[in-house]
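Working through the structure, step by step
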Amino acid sequence: MLQATDENGEHMNELDMADKILDLLIGGHDTASVAITFIIKYLSELPHIYNQVLEAYVWNKWRLQNSKKLGELLNQEDIQKLKYSWNVACEVMRLTPPLQGAFREALNDFVFNGFSFPKGWKLYWSANSTHKNLECFPKSEKFDPTRFEGNGPAPYTFVPFGGGPRMCPRKEYSRLEILVFMHNVVKRFNWEKLISNEKIILDPMPMPAKGLPVRLIPHKHVD
Ligand code: HEM
């Protein structure tokens, strides 16, 4: 950022840089931690889904044992194979997107669904309402990771990371972060929520009001 210049050769001023660093800190930390928090919440509420994630882990462990040396860490290829866990993470982000949406500016006049939008208008696209739209996601309130099997949802209907040229540049990094977290927690623990109906607040991202306290229950046999 110190060295970058725009098309006129101008450097960024201090305020711009501070703004971008804050963007990275907030965009890079809060989003993924909200996603992970809600994965923990849904998995404790849906034991059959937790069991399938665990089963997929056990299967994966068997596969890894046959292909890796003891103590060798997961690599990018292993992560790609954690498909069920990623489908679960996507379903969590569909029902509770960490970022509710973002703004765009209309580059031209256009008409959508019978409404006219003049050039220059600011528009807000909402991940939350698109993810609950029954045309895009039948029985949209139901937690169903199989929605992401095969070709998955139609383009631009599942948008926790936004879409188009300004979509989140760190989607793949977040996938890695979330999957490594799920893998390491699920293989060691089950857990139960300490507050059964904890309120969810929006500040501006969704968060359980008391920080989702849980009791961890270690598995008997872990390696
Ligand atoms: C689960 C994790 C994450 C979610 C759900 C998420 C979601 C989003 C969304 C919805 C946008 C707006 C996209 C648009 O306007 O189309 C965005 C933009 C952005 N995200 Fe993420 N994000 C996540 C993780 C991260 C991480 C880990 C980083 C950085 C380390 C990051 C950095 C950014 C930046 C810099 C932008 C602005 C891109 C631009 O305006 O061109 N995000 N993210």
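Residues numbered from 1 in each chain as written. Predicted model: local features only at pLDDT ≥ 70, side-chain atom pairs only at ≥ 80, totals over all residues. Heavy atoms only, no water.

So, about helix H6 (residues 171-186). In this model, H6 (16 residues) spans 22 Å end to end at C-alpha, consistent with the 22 Å of a helix rising 1.5 Å per residue. For H6, the complete set of buried residues consists of Ser174, Arg175, Ile178, Leu179, Met182, His183, Val185 and Val186. (Helix = DSSP H or I, 4+ residues; strand = E, 2+ residues; numbered from the N terminus. Expected span 1.5 Å × (residues − 1). Buried < 20%, exposed > 50% of the residue type's maximum accessible area, 1.4 Å probe, protein only.)

Attention now moves to a nonpolar patch on the surface. Taken together, the side chains of Met1, Ile21, Leu22, Leu24, Leu25 and Ile26 make up a nonpolar region of the molecular surface, amounting to roughly 590 Å² of accessible area. Of note, Ile26 is situated in helix H1 (residues 14-45). (Patch = residues over 30% accessible without salt bridge, like charges linked within 9 Å, V, L, I, M, F, W, Y side chains within 5 Å. Areas by Shrake-Rupley, 256 points an atom, 1.4 Å probe, with all protein chains shown as cover. Salt bridge = Lys/Arg side-chain N within 4 Å of Asp/Glu carboxyl O.)

Here the focus is the coordination of the iron atom of the ligand. Reference values for angles at a metal are 109.5 degrees in the four-donor tetrahedral case and 90 or 180 degrees in the six-donor octahedral case. Protein coordination of the iron atom of the ligand is limited to a single donor, Cys168 (SG), which sits 2.4 Å from the metal. With respect to the helices, strands and loops of the structure, Cys168 is situated in the loop between helix H5 (127-132) and H6. (Donors = N, O, S within 2.8 Å, 3.2 Å for Na, K, Ca; no water.)

Moving on: unusual backbone geometry. Going from Asp203 to Pro204, the amide bond is cis rather than trans, its omega being -10°. Turning to its location among the elements, Pro204 is positioned in the loop between strand E6 (200-202) and strand E7 (206-208). With a phi close to 50°, Lys139 is a non-glycine residue in the positive phi region.

Take the site of the ligand next. Surrounding the ligand, one finds 20 residues, the nearest of these being Gly27, Arg104, Arg166, Cys168 and Ser174. Contact between the ligand and Gly163: an oxygen atom at 3.3 Å from a main-chain N or O atom of the residue. In this structure, Arg166 approaches the ligand through a side-chain N or O atom, which is 2.7 Å from an oxygen atom. Mapped by element, the contributors of at least two residues to the shell around the ligand are H1, strand E1 (101-105) and H6. (Near = heavy atom within 4 Å. Polar contact = N/O pair within 3.5 Å; in protein donor to acceptor, adjacent residues only side chain to side chain.)

Two elements in contact, H1 and helix H4 (residues 83-95), have axes separated by 9 Å at closest approach and are oriented at 105°. One finds that H1 runs roughly perpendicular with respect to H4. On the side of H1, the interface is formed by Ala35, Phe38, Ile39, Tyr42 and Leu43, while H4 contributes Val88, Ala89, Val92, Met93 and Leu95. For the contact of H1 with H4, the per-class residue count stands at 10 nonpolar, no polar and no charged. (Axes fitted to C-alpha atoms, helices over the stretch in contact; angles between N-to-C directions. Parallel < 35°, antiparallel > 145°, perpendicular 65-115°, else oblique. Contact = heavy atoms within 4.5 Å. Nonpolar A, V, L, I, M, F, W, Y, C, P; charged D, E, K, R; others polar.)

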